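# Notes for the structure review
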Amino acid sequence: MTPPVDPPLGTPGHAGASGQPSTPGAPSTPEPAEHKHVGLDTIADAAGVSKATASRALRNPDSVSAGSLAKVRRALAILGVDSGTRETPPRQMIALVRPTVAPGNVDPYARLFELLTSKVFAQGIAAVHVEAAVERADALAESLLGPHGSKPHVQGAIVLGGGAAGELAAKLAERDLPQIRVSNARHSDGISRIVLDATDGIATAVQHLVHLGHRRIGLVVLRDSAAAVRIAGFRKSIAQVLHIPATRDQAPVVEAAGGTMAGVAAAEELLGQQCSAVIACAPSLSFGILEAAGRARLDVPRDLSLLTVGDMPDADVIAPPLSQVSYDWEAIAVSALNEVRAMMADPGAEVAIDYSVTPDLVLRASAVPPQRR
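Residues numbered from 1 in each chain as written. Predicted model: local features only at pLDDT ≥ 70, side-chain atom pairs only at ≥ 80, totals over all residues. Heavy atoms only, no water.

## Structural notes on the confidence of the model for the protein chain
On average, residues of the protein chain score 86 in pLDDT, and 87% of them reach the 70 mark or higher. Least confident of the elements in the protein chain is strand S1 (residues 4-5), whose mean pLDDT is 44; most confident is strand S5 (residues 156-160), at 98. The low-confidence segment residues 1-36, where pLDDT is below 50, has 42 contacts with residues more than four positions distant or belonging to other chains. (pLDDT = per-residue confidence, 0-100. Helix = DSSP H or I, 4+ residues; strand = E, 2+ residues; numbered from the N terminus. Contact = heavy atoms within 4.5 Å.)

## Brief notes about helix H3 (residues 66-78)
Across its 13 residues, H3 extends 18 Å between first and last C-alpha, which sits within 8% of the 18 Å expected from 1.5 Å per residue. On the buried face of H3, the contacting elements are helix H1 (40-47) and helix H2 (51-59). A positive phi of about 80 degrees marks Gly80, the residue just after H3. (Expected span 1.5 Å × (residues − 1).)

## Focus: the packing of helix H7 (residues 198-212) against helix H8 (residues 227-242)
Put simply, H7 and H8 touch, their axes get as near as 9 Å, and they point 35 degrees apart. Read as a crossing pair, H7 and H8 show a hand that is right-handed. Mapping the contact onto sequence places Ala198, Thr199, Ile202, Ala203, Val206, Gln207 and Val210 in H7 and Val229, Arg230, Gly233, Phe234, Ser237, Ile238, Val241 and Leu242 in H8. In the contact of H7 with H8, the residues fall into 10 nonpolar, four polar and one charged. (Axes fitted to C-alpha atoms, helices over the stretch in contact; angles between N-to-C directions. Left-handed = near helix turned anticlockwise from the far one by under 90°. Nonpolar A, V, L, I, M, F, W, Y, C, P; charged D, E, K, R; others polar.)

## A few points about the layout of surface pockets
A volume near 850 Å³ is recorded for the largest pocket. Lining the largest pocket are 40 residues, and of these Pro108, Tyr109, Asn184, Leu222 and Asp224 lie nearest its centre. Residue composition of the lining of the largest pocket, by class: 22 nonpolar, 12 polar and six charged. Size it by volume and the second largest pocket reaches roughly 320 Å³. Around the second largest pocket sit 16 residues that line it, and Asp176, Leu177, Pro178, Ala349 and Val351 are the ones nearest its centre. (1 Å grid on protein atoms, 1.4 Å probe; cavity = no way out; pocket = protein on both sides within 12 Å on 5 of 7 lines; lining within 4 Å. Points joined across faces, edges and corners; volume = space filled by probe spheres on them.)

## Remarks on the packing of aromatic side chains
The full count for this structure, using the stated rule, is one aromatic pair. Residues Tyr327 and Trp329 carry aromatic rings whose centres are separated by 5.5 Å and whose planes lie at 55 degrees to one another, so their mutual orientation is tilted. The pair formed by Tyr327 and Trp329 is uniform in burial state, with each residue classed as buried. Geometry around Phe113 places Arg98 over its ring, the cationic atom sitting 3.9 Å from the centre. (Phe/Tyr/Trp six-rings, centres within 6.5 Å; stacked < 30°, edge-to-face > 60°. Buried < 20%, exposed > 50% of the residue type's maximum accessible area, 1.4 Å probe, protein only. Lys NZ or Arg CZ within 6 Å of the ring centre and 35° of its normal.)

Printed below as a string of C-alpha cells:
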C-alpha cells in the first residue's frame, strides 16, 4: 500500500515542493503540491516494525497487536498520511429473509434475492442474508434484533415467501422493525407486503392453453397456505373460459409436497386423467412433470403441454424451453427496497403497504396445440 502524502511547504531551512532549499525572504505562497508516495519500507522504518506487520496494520488493523497498530498510526501521522481512523457513522443493515429450501427443491425467490442483494449494496447498506427454518424463529429474531430494550442490529427487513419466513416476520413485527413481505398469499397480520398474484397468472395460463385448443387442463400446486386460493382461481378460470361447471373431474387439481418426485407423482396422476396440458405452480413441480413425461415416453410439448406459473430458473435453456407466467423481479426489487427504506427513515410513521403484482406471459416452446396420443 502506498498512501499519498503532501510534501511540506517551502519554509526557511526546509525543502520546498521543488525539492530545493527555500531562500529566505522568498514569497510565502506554496508551490502547487506534487503528490509523493510513501512506501511500505518508509512506514515500517518510521514505526519500528517489520514490513509484514506494517502491511497487516494497514490492510487489516484487527490482525496486529494494539501496540504495533499504535506505532504504525503514529508513523503515519509523522509522515503526514491520513490513517483513516476517524469515526464514521455505523453502516445501516437490512435483513434479506427467505425460507430454507429443502434438498431437491428449487428456490422460487432466487432471482429476486439476488437482485435485492445487489441493490441493497449499491445503496451503501449492508445486506444480512437469513435463511429461515422451522423452530428457529426465536433464535433468528434475537440475532437480528438483540435483547429487548436495546437497539436492533438491523434497521429493516425484506422477507420473501411464507412458512418459516412468515413466522420470523411475525417475530420482527413484535419489535416494530420496519419490514415488507413479498409473498404469494395475503394475510391479515398487519405487516406491509407486496403480493405476487398467482391467481391472475393462472388465469392467463388457462386462457392461453384454451386458445391453443386444450380442453383437459390440469393444475399442480404446492400444498401450502396459497393452495386454496390458487385452486379456486384455476377452477373459476376454467369455468369462465370453457363455459363448464369446472368440477373436480372437469378441472383436475393435484396438491403436492415440494420436490421433483412430488411433481412426478402429480404428473402421473394428471396423465391418468387424460390431461393434454398441465399448469405447474412451482419450479420443482415443473421438473417433476418433465421427468414423468420422459418415463411415460411422452414428448413435451407434442404429447403434453407444460406451462409454469412463477420464476423458473434457466427456463430458456431447458429442453424444451419452458413457457412461463413470470414476474418483473427487477421492478419488485426496486419497489420493496424503496418501501422499506422509507419506513427506516421514519420508523414511527403508520404505514400500511398492500398491493398486488400481476405476472406476464413469456411464450417459449413447451406449450403447443394438442396432438392425439
